Amino acid sequence: MSSIQVAHASAAGDAQAMPAQMPASLVFLLASGAGLAVASIYYSQPMLGVLGADVGASTREVGFVPTLTQLGYALGLLLLAPLGDRFDRRRIILAKAAALCAALLLAGAAPGIGLLLVASLAIGLAATMAQDIVPAAATLAPESHRGKVVGMVMTGLLLGILLSRVVSGFVAEHFGWRAMFVLAAASVALIGAAAWRGLPRFRPTTQLAYGALLGSLAALWRRHPGLRRATLAQGLLAIGFSAFWSTLAVMLHGEPFHLGSAAAGAFGLAGAAGALAAPLAGRLADRRGPERVTRLGAGLVVLSFAAMALMPLLSPHARLWLLAVSAVGFDLGVQATLIAHQTIVYGIEPAARSRLNAVLFTGMFIGMAVGSALAALLLPQWGWMGVTALATASGVGALALRLWPARRAG
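As a starting point, this report considers the structure included with it. (Residues numbered from 1 in each chain as written. Predicted model: local features only at pLDDT ≥ 70, side-chain atom pairs only at ≥ 80, totals over all residues. Heavy atoms only, no water.)

1. Let's talk about the overall build of the protein
Selection criterion: A run of DSSP states H or I qualifies as a helix once it reaches four residues; a run of E qualifies as a strand once it reaches two. Both are numbered from the N-terminal end. Throughout, exposure labels follow a simple rule: accessible area from a 1.4 Å probe, protein chains only, divided by the maximum for the residue type, with under 20% read as buried, over 50% as exposed, and the rest as partly exposed. Note on contacts: a residue pair qualifies if any of its non-hydrogen atoms lie within 4.5 Å across the two residues. Using a 1.4 Å probe, the Shrake-Rupley method yields the accessible areas, and only the shown protein chains count as cover for residues.
Scanning the protein for helices and strands turns up 17 helices and zero strands. Per-residue burial over the protein gives 56% buried out of 410 residues. Restricting the contact set of the protein to residue pairs at least 6 apart, pairs at least 24 apart contribute 84%. Accessible area of the protein: about 15400 Å², with a carbon and sulfur share of 70%.

2. Thoughts on the packing of helix H2 (residues 24-39) against helix H10 (residues 177-198)
If you want to describe how two helices pack, look at the angle between their axes and the distance between the axes. The following threshold applies: Orientation is described by lines fitted to C-alpha atoms, with helices fitted over the stretch in contact, and by angles between N-to-C directions that extend from 0 to 180 degrees. Working definition: roughly parallel below 35 degrees, roughly antiparallel above 145 degrees, roughly perpendicular at 65 to 115 degrees, and oblique for all remaining angles. Whether a crossing is left-handed or right-handed is set by the direction in which the near helix is turned from the far one by less than a right angle, anticlockwise for left-handed and clockwise for right-handed. Any residue outside Ala, Val, Leu, Ile, Met, Phe, Trp, Tyr, Cys, Pro, Asp, Glu, Lys and Arg is labelled polar, Gly included; the first ten of those are nonpolar and the last four are charged.
Where H2 meets H10, the closest approach of the two axes is 10 Å, and the angle between their N-to-C directions is 150°. Between H2 and H10, the angle is such that the two are roughly antiparallel. When you trace H2 past H10, the crossing you get is left-handed. Every residue of H10 that contacts H2 at Leu26, Leu29, Ser32, Gly33 and Leu36 is listed here: Ser187, Val188, Ile191, Ala194, Ala195 and Gly198. Tallied by class, residues from the contact of H2 with H10 come to seven nonpolar, four polar and no charged.

3. A few points about a nonpolar patch on the surface
Cut-off, in case you're wondering: Note that patches include only residues with greater than 30% relative accessible area and no salt bridge, and the join distances are 9 Å for like charges and 5 Å for nonpolar side chains (Val, Leu, Ile, Met, Phe, Trp, Tyr). Throughout this description, the term salt bridge denotes a Lys or Arg side-chain nitrogen within 4 Å of a carboxyl oxygen of Asp or Glu.
Nonpolar side chains collect at one region of the surface, where Leu71, Leu75, Leu78, Leu79 and Tyr210 lie side by side and expose about 390 Å² of accessible area between them. Per element, the largest residue contribution to the nonpolar patch is four residues, and it comes from helix H4 (residues 59-79). The topology assignment puts Leu79 in helix H4. Given a relative accessible area of 35%, Leu79 falls into the partly exposed group.

4. Here we look at the packing of aromatic side chains
Our working rule: Here a pair means two rings of Phe, Tyr or Trp (six-membered ring of Trp) with centres within 6.5 Å. Their orientation is stacked below 30 degrees between planes, edge-to-face above 60, and tilted elsewhere. Throughout this description, the term charge over a ring refers to an Arg CZ or Lys NZ atom that lies within 6 Å of the ring centre and within 35 degrees of the ring normal.
A full pass over the atoms with the stated rule returns seven aromatic pairs. With a centroid separation of 6.0 Å and an interplanar angle of 90°, the aromatic rings of Trp177 and Phe181 are classed as edge-to-face. A residue pair is termed a helical-turn pair when its members lie 3 or 4 positions apart in one helix, as Trp177 and Phe181 do in helix H10 at four residues. With respect to class, Trp177 is no different from Phe181; both count as buried. Consider the rings of Phe244 and Trp245, whose centres lie 4.9 Å apart with planes at 85°: the pair is edge-to-face. Of the two residues, Phe244 and Trp245, both sit in the buried class. One aromatic cluster in this structure is built from Phe241, Phe244, Trp245, Phe305, Phe330 and Trp384. Above the face of the Phe87 ring, Arg86 is positioned so that its terminal group lies 4.9 Å from the ring centre.

5. As for the pattern of salt bridges
Inspection of the entire model under this criterion finds eight salt bridges. Residues joined in a network through salt bridges with shared partners are Arg229, Glu291, Arg295 and Arg402.

6. Considering the packing of helix H6 (residues 89-109) against helix H7 (residues 113-126)
Following both chains from N to C, one finds H6 and H7 inclined at 160°, their axes separated by 8 Å at the closest point. The angle between H6 and H7 falls in the class roughly antiparallel. When you trace H6 past H7, the crossing you get is left-handed. Between H6 and H7, the contacting residues are Lys96, Ala99, Leu100, Ala103, Leu104, Leu106 and Ala107 on the first element and Leu115, Leu116, Ala119, Ala122, Ile123 and Ala126 on the second. A per-class count over the contact of H6 with H7 returns twelve nonpolar, no polar and one charged.

Printed below as a string of structure tokens:
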């Protein structure tokens with residue numbers, strides 16, 4: 001019996017009754033699916049400079065492309081992700097893959113900024129298939145290795161976020177930004193076909209009607225202080241993360257750098273170095289406890305963003321190096337904290353993992369949408385130092401929340 005057949009047989013009886021070791025092929029499928037889905041949210045960011053000129057949009061109008069994509073993702077998490085507890089997650093993942101393909105093709109064909117903004121919102125909604133995959137991994141993983149498996153799947157997701165900028169910057173510069181959306185649609189279609197063949201079925205864990213299912217999100221929020229604390233802290237970290245990445249291409253396009261979309265996308269390689277540490281964060285959370293990891297991660301974020309305040313004192317060449325080093329540091333901190341928060345949240349109520357995940361990531365992507373919107377306003381008025389100040393302040397808020405005594409955090 002093949003490894004995939006083992007997974008199917010196990011899931012047919014009970015998706016939680018997995019062997020002591022998950023098949024590597026199944027982990028790879030989950031990691032790839034999460035990465036390719038969530039990458040769709042970020043392809044536009046390094047292309048904003050060339051994209052705006054092509055569709056005749058202003059800098060402020062173009063800034064709403066990533067904002068609406070992230071807002072769509074947050075809405076999708078809130079309204080769609082809880083369905084993973086009510087229905088077979090496999091069917092949900094396949095349906096969202098088809099919808100995401102259609103939205104990406106619409107973006108690639110958009111003649112102007114209006115339709116592109118509509119497509120951006122739709123991309124965000126459908127890309128939440130990534131957040132159906134992550135709780136699926138937590139369900140299929142044996143309890144003793146849950147942090148490690150979630151960390152590996154999250155590595156795929158995080159690499160999708162970060163390397164998407166490298167790929168889209170290169171493709172946009174050599175083949176045009178529309179070609180990037182078509183290529184993205186093809187990649188999602190491939191992962192959808194692989195998921196149809198390789199994913200096990202999942203038994204629903206609740207029979208709640210849709211309205212009651214959404215209502216239970218508020219009940220979970222009220223009942224679990226640990227969920228509130230994790231969501232608020234990750235949302236604060238997401239503000240700085242999104243502020244940096246959503247304005248980087250525009251900043252590098254102007255004085256004194258005059259760099260194109262490929263150079264802006266290449267900074268994703270620096271962030272990817274941080275994302276590769278996600279499995280290590282998962283193992284550390286398994287062995288030493290996730291609380292310690294959240295504090296270490298948030299502290300690293302604060303130091304990395306604060307270091308960028310030195311940029312006005314440096315030459316343009318040295319500024320680029322500082323940006324790259326800071327990107328490694330804050331990406332590592334954000335991803336390590338996220339893995340630890342997921343480990344905390346998934347252990348609260350196993351039967352409600354999709355809903356708990358929905359709450360955590362809704363907070364995170366609300367933070368991302370807020371970060372993109374605020375950075376789009378700050379950059380024209382206060383320059384890059386305004387963006388840096390926002391990112392540092394949000395990191396300090398997250399660290400303070402994680403350091404606050406747990407008994408007083410509820």
